[in-house]
Amino acid sequence: MTEAFQVEITDGSNTCIYASMEVNFTIQYETSNNTFSNTTLDVPDEVTTNGSTCGGKGVAPLLVVNFGSNHSLSLNFTSNGTVYSVDMIIFTYNTNDSRYFPDAKTKGLISTFKSVDEAIPVNTTYICLHEALVVTENVVQVYQNVSLLAFSQDKPFTKEFHCSADALTTQAPVTPNVTTPNTPSTTPTPTTKPVDKPTIGNYTILNGTEACLLASMGLQLNATLLVDGKMFLLSYELCKLAFLDNSSCSFLILTFLLTDNSGEIYQHKR
């Protein structure tokens, strides 16, 4: 991921929209040779917000984040006075940008749309540190370290509302009140640090000339090896050199087969 951008939209001296997040987009496009290619756009830390508005009578607040060669990310907000939400995510990319689309068959601006259903209490900052995927036509959007606030005239923003993924990892475990004999533990402890997250790979499955699946994922095999009473944590990234082989899709069944040089790694049917 790239560095997070941070923007504020103000109405006079009051901040009505605040956003800070890391975002990237993996886009599949058709080339001039009638094949398909993937490219990834990272939203930089320096962006502009031309077109953004705090809204007003009959006009919803709108955040527009402009970056690169005429690419933009727009968030349209709605509220019922008690909660607010991002009503629509609009991502627009410019295939005239030769840096990312050097051989694009279709040139110009292309937009994708996605509605979001996440109710956030008013005057509360939405926080989501975990990666969140938004899939639209030919685009996989990845969001991380998100801080978002709309419909607020208060600053600083002290109240926080965390996404469900954050809440699951920050919830304290419940320890039962059970008395056990004071005996020494014989379970060996790991002698190496926990393994890091696997590298994320981007994969595409075609149905003829059309994409039926865009996948952004990482696969990693973690193993514990016991040697002379000591545990060692080992990991092997399955997706670093992996590729799609014999994957297919139809109207009712989709088969996703990921392989590397050693043979089949992962197969999924749906």
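See above for the structure.
Residues numbered from 1 in each chain as written. Predicted model: local features only at pLDDT ≥ 70, side-chain atom pairs only at ≥ 80, totals over all residues. Heavy atoms only, no water.

For the overall build of the protein chain, give the residues involved together with the corresponding values.
When you go through the protein chain residue by residue, the secondary structure sums to 1 helix and 20 strands. Buried residues in the protein chain amount to 35% of all 270 residues. The contacts in the protein chain between residues at least 6 apart in sequence include a share of 49% that link residues at least 24 apart. Accessible area of the protein chain: about 16,400 Å², with a carbon and sulfur share of 51%. (Helix = DSSP H or I, 4+ residues; strand = E, 2+ residues; numbered from the N terminus. Buried < 20%, exposed > 50% of the residue type's maximum accessible area, 1.4 Å probe, protein only. Contact = heavy atoms within 4.5 Å. Areas by Shrake-Rupley, 256 points an atom, 1.4 Å probe, with all protein chains shown as cover.)

If you had to explain the packing of aromatic side chains to someone new, which residues and values would you point to?
Here the structure, examined in full by the defined rule, presents 7 aromatic pairs. Considering the side-chain rings of Phe25 and Phe91, the 3.7 Å spacing of their centres and the 0 degrees angle between planes classify their relative orientation as stacked. Residue Phe25 is found in strand β2 (residues 14–30), and its partner Phe91 is found in strand β6 (residues 83–94); the two are separated by 66 residues along the sequence. When the ring of Tyr29 is compared with that of Phe101, the centres are 5.1 Å apart and the planes differ by 75 degrees; the resulting orientation is edge-to-face. Of the two residues, Tyr29 is situated in strand β2 and Phe101 in the loop between β6 and β7 (109–115); the sequence distance between them amounts to 72 residues. In this structure, Tyr29 and Phe101 share a single accessibility class: buried. (Phe/Tyr/Trp six-rings, centres within 6.5 Å; stacked < 30°, edge-to-face > 60°.)

Any chance you could break down unusual backbone geometry for me, citing the residues and the numbers?
The phi torsion at Asn70 lies on the positive side, around 70 degrees, for a residue other than glycine. Within the fold, Asn70 resides in the loop between β4 (62–67) and β5 (71–79). With a phi close to 50 degrees, Asn145 is a non-glycine residue in the positive phi region. The residue Asn145 is located in strand β11 (residues 139–150) in this model.

Describe the pairing of β5, with residues and values.
Pairing between β4 and β5: 6 bridges, direction antiparallel. Within the sheet, the bridge partner assigned to Asn66 lies in β5 and is Ser72. Bridge count between β5 and β6: 8 bridges; the pairing is antiparallel. Within β6, the residue paired with Asn76 across the bridge is Met88. (Pairing = 2+ DSSP bridges.)

Could you give an account of the environment of Thr26, naming the residues involved and the relevant values?
Topologically, Thr26 is positioned in strand β2. The exposure class of Thr26 is buried, given its relative accessible area of 8%. When the C-alpha positions of Thr26 and Thr39 are compared, they lie 5.7 Å apart, and in sequence the two are 13 residues distant. Within the structure, the side chain of Thr26 is placed 3.3 Å from the side chain of Thr40, a separation counted as a polar contact. (Polar contact = N/O pair within 3.5 Å; in protein donor to acceptor, adjacent residues only side chain to side chain.)

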